[in-house]
Every structure is written in structure tokens, then in C-alpha cells.
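Residues per chain are reported as follows:
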Amino acid sequence: KAGVTQTPRYLIKTRGQQVTLSCSPISGHRSVSWYQQTPGQGLQFLFEYFSETQRNKGNFPGRFSGRQFSNSRSEMNVSTLELGDSALYLCASSPILAATYNEQFFGPGTRLTVL
Amino acid sequence: KQEVTQIPAALSVPEGENLVLNCSFTDSAIYNLQWFRQDPGKGLTSLLLIQSSQREQTSGRLNASLDKSSGRSTLYIAASQPGDSATYLCAVRRSGAGSYQLTFGKGTKLSVIP
């Protein structure tokens, strides 16, 4: 069974641009969460999608947005990039939302560098 | 607000030594706690998942314990090997319907010296 895949793996953008990152969950998984990892703040929760609906959102500005498609694939978008958005963006998938025993499985991440 | 703390931030041990990594959290209302391993520049690999009703979980040379009432978890690594060198993160899943949100500690960077 293929794991969580994220594309692209690396991105370089300049300030003011926008970027879209993609995540394909493990087959059969319906929940997708996004996290931002920086050296200073560590791993921080961005948002979570289940059945094409955003279920939970972290404390990030509105420049960060996402969506989920009917096949459970998810994209996140960051508009008007700032230097501080440079980070490793990780996507995680889980089977279903309601079961408490489920764990999250993480992808390799997308390394975004903003110049 | 849930806060997760991992001590120490970094640890260096000689090969073969047994070691313990610590994780503490402020809100005991959790569904479960997960330990991850992260290699430099890579994603997270799940090591162990402990449900809130459980006291410990074991996988090979790894043993994780959970004391929910005191807000603590430990990850015990037996007979450490150079390949165990990585950053170890613990994360708690908050209680509440319909959420997988994890709150992470900042990790313990482990170096196992041959």
C-alpha cells in the first residue's frame, strides 16, 4: 500500500507570490491534516479536512487555505508569501474521523523556501 | 491550551546504552499519544501509539509508557544503535469530537555514537 505522497518535494518562491502544495493520502484514508514545521516554532497544525469539509483550523492567517477533493486528495495554498513562510509543510492522513484509535501517517513533506 | 514539552532537547549516548526520552503535556484530556521519529529533512515515521486507556506499548526495542493523570509519557530505547540517531517527537491528540489535530513537542535530538 503506497504511503502519503506530497508534491512537489521542494519549492523556491519569492515574496508576494502564491504557492499550491498537493497531498495524496493513503488509499482509503479520508482525513487529511496539514502541519507547518519551522526550527523556531516546531510543528504547528494548519487545518484538517474530512469528506471535502474543513473540520478544524489552527491559528494561521487567512493567507493559508486548503481544500479537499472527492478522491480525498488535498491541496493547500499560501498567498502573498512572506519570508517567514519558509518551512517544511507536512501532510498526514488517517482512515476515518470518528474512531479514536486511529493514528496519523505522514508524508515526506514539501520544503518551501521564500526568497 | 495544550502544551507539550520534551526534555532533554538533545541527547548523546554511546552505542549499546539504554535511554529514556521524556514528554509532558499540560491537559490530560487526550485521546491518545503518538511517538514519531524524524530524520533530517524528512517526514515523520510513527513509532508507537498509546490510547488514553493504555499504560504502555512495545515495538521491538522501543517501549512507550503513558501516565495520563500526571501528564507524562516516556519512550524507552533499549540497546541503542547508530541508526537510532534522529529527532524523536511526541504528540497528543486532543479530546473532542471529530478532530485528528495533534499537538507536538519540539522533539529530542538523539545522537548514538558508535
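What you see is a predicted model; the values in this text were computed from it and never measured.

A.B. asks: Outline the overall build of chain B, supporting the account with residue identities and numerical values.
C.D. replies: When helices and strands are counted, chain B shows zero helices and eleven strands. Of the regular secondary structure in chain B, the N- to C-terminal order runs β-β-β-β-β-β-β-β-β-β-β. Its C-alpha atoms give chain B a radius of gyration of 14 Å, near enough to 13 Å, the size a compact globule of 114 residues would have. Expressed as lengths along the three principal axes of its C-alpha atoms, the size of chain B is roughly 45 × 30 × 20 Å. Per-residue burial over chain B gives 43% buried out of 114 residues. Look at the contacts in chain B between residues 6 or more apart in sequence, and 54% of them connect residues 24 or more apart. When the accessible surface of chain B is split by element, carbon and sulfur atoms take 49% of a total near 5300 Å². Charge separation in chain B, taken as the distance between the mean sites of 11 positive and 8 negative side-chain charges, equals 8 Å.

A.B. asks: Could you give an account of the interface of chain A and chain B, naming the residues involved and the relevant values?
C.D. replies: In this complex, chain A contributes 27 residues to the contact, which on the side of chain B involves 22 residues. Taking both sides of the interface into account, the surface hidden between chain A and chain B amounts to around 1900 Å²; carbon and sulfur atoms contribute 50%. For the pair chain A and chain B, the number of links is zero salt bridges. Here chain A is connected to chain B by five residue pairs in polar contact (both at pLDDT 80 or more). Counting only elements with at least two residues in the side of chain A that touches chain B, the list comes to β4 (31–38), β5 (42–50), β6 (53–57) and β9 (87–94) of chain A. The biggest single contributor to the side of chain A that touches chain B is β4 of chain A, with four residues. Taken together, the residues of the side of chain A that touches chain B break down into twelve nonpolar, eleven polar and four charged.

A.B. asks: So what's going on with the pairing of strand β5 (residues 44–51) of chain B? Which residues, and what values?
C.D. replies: Residues and elements named next belong to chain B. Pairing between strand β4 (residues 30–38) and β5: seven bridges, direction antiparallel. Residue pairing across strands places W35 opposite L48, the latter belonging to β5. Connecting β4 to the next strand, β5, in antiparallel fashion are five residues, including G41 with a positive phi near 70 degrees.

A.B. asks: Describe the state of the cysteines, listing the residues and the values that go with them.
C.D. replies: Within the structure shown, the criterion is met by two disulfides over all chains. The partner cysteine of C23 of chain A in its disulfide is C91 of chain A, sulfur to sulfur 1.7 Å. Between C23 of chain A and C91 of chain A the sulfur-sulfur dihedral comes to about -50 degrees; the bridge is accordingly left-handed. Taken together, the residues C23 of chain A in strand β3 (residues 19–24) and C91 of chain A in strand β9 connect sequence positions 68 residues apart. C91 of chain A matches C23 of chain A in its accessibility class, with the two residues each being buried. Paired through a disulfide, C23 of chain B and C90 of chain B show a sulfur-sulfur distance of 1.9 Å. Linking C23 of chain B and C90 of chain B, the disulfide has an S-S dihedral of approximately 65 degrees and is accordingly described as right-handed. Taken together, the positions of C23 of chain B in strand β3 (residues 19–25) and C90 of chain B in strand β9 (residues 86–94) put the pair 67 residues apart, joining distant regions of the chain. Each member of the pair C23 of chain B and C90 of chain B is classed as buried.

A.B. asks: Break down the side chain of R37 of chain B for me, with residues and values.
C.D. replies: All names here are of chain B. Considering the arrangement of structural elements, one finds R37 in strand β4. Take R37: its relative accessible area is 17%, and that puts it in the buried class. Side chain to side chain, R37 and D39 meet in a polar contact 3.0 Å long. Among all residues touching R37, those that are not within four sequence positions of it are G43, L44, T45, L47, G83, D84, S85, A86, T87 and Y88.

A.B. asks: Give a description of the sheet that holds β3 of chain A that names residues and reports values.
C.D. replies: Residue and element names in this part refer to chain A. The strand order across the open sheet built from four strands is β1-β3-β8-β7, with neighbouring strands paired in antiparallel fashion. The strands lining the two open edges of the sheet, one partner per strand, are β1 (5–7) and β7 (64–68). Each neighbouring strand pair of the sheet contributes to a mean axis angle of 20 degrees, computed without reference to strand direction. Relative to strand β8 (residues 74–78), β3 is paired through five bridges, and the arrangement is antiparallel. Directly across from L21, in β8, lies its bridge partner M76.

Cut-offs applied
Residues numbered from 1 in each chain as written. Chains lettered and ligands numbered in written order. Predicted model: local features only at pLDDT ≥ 70, side-chain atom pairs only at ≥ 80, totals over all residues. Heavy atoms only, no water. Helix = DSSP H or I, 4+ residues; strand = E, 2+ residues; numbered from the N terminus. Rg over C-alpha atoms; globule rule 2.2 N^0.38 Å. Buried < 20%, exposed > 50% of the residue type's maximum accessible area, 1.4 Å probe, protein only. Contact = heavy atoms within 4.5 Å. Areas by Shrake-Rupley, 256 points an atom, 1.4 Å probe, with all protein chains shown as cover. Lys, Arg positive; Asp, Glu negative; His and termini not counted. Charge placed at Lys NZ, Arg CZ, Asp CG, Glu CD. Buried area = accessible area lost by both parts, 1.4 Å probe. Salt bridge = Lys/Arg side-chain N within 4 Å of Asp/Glu carboxyl O. Polar contact = N/O pair within 3.5 Å; in protein donor to acceptor, adjacent residues only side chain to side chain. Nonpolar A, V, L, I, M, F, W, Y, C, P; charged D, E, K, R; others polar. Pairing = 2+ DSSP bridges. Disulfide = S-S within 2.5 Å. Axes fitted to C-alpha atoms, helices over the stretch in contact; angles between N-to-C directions.

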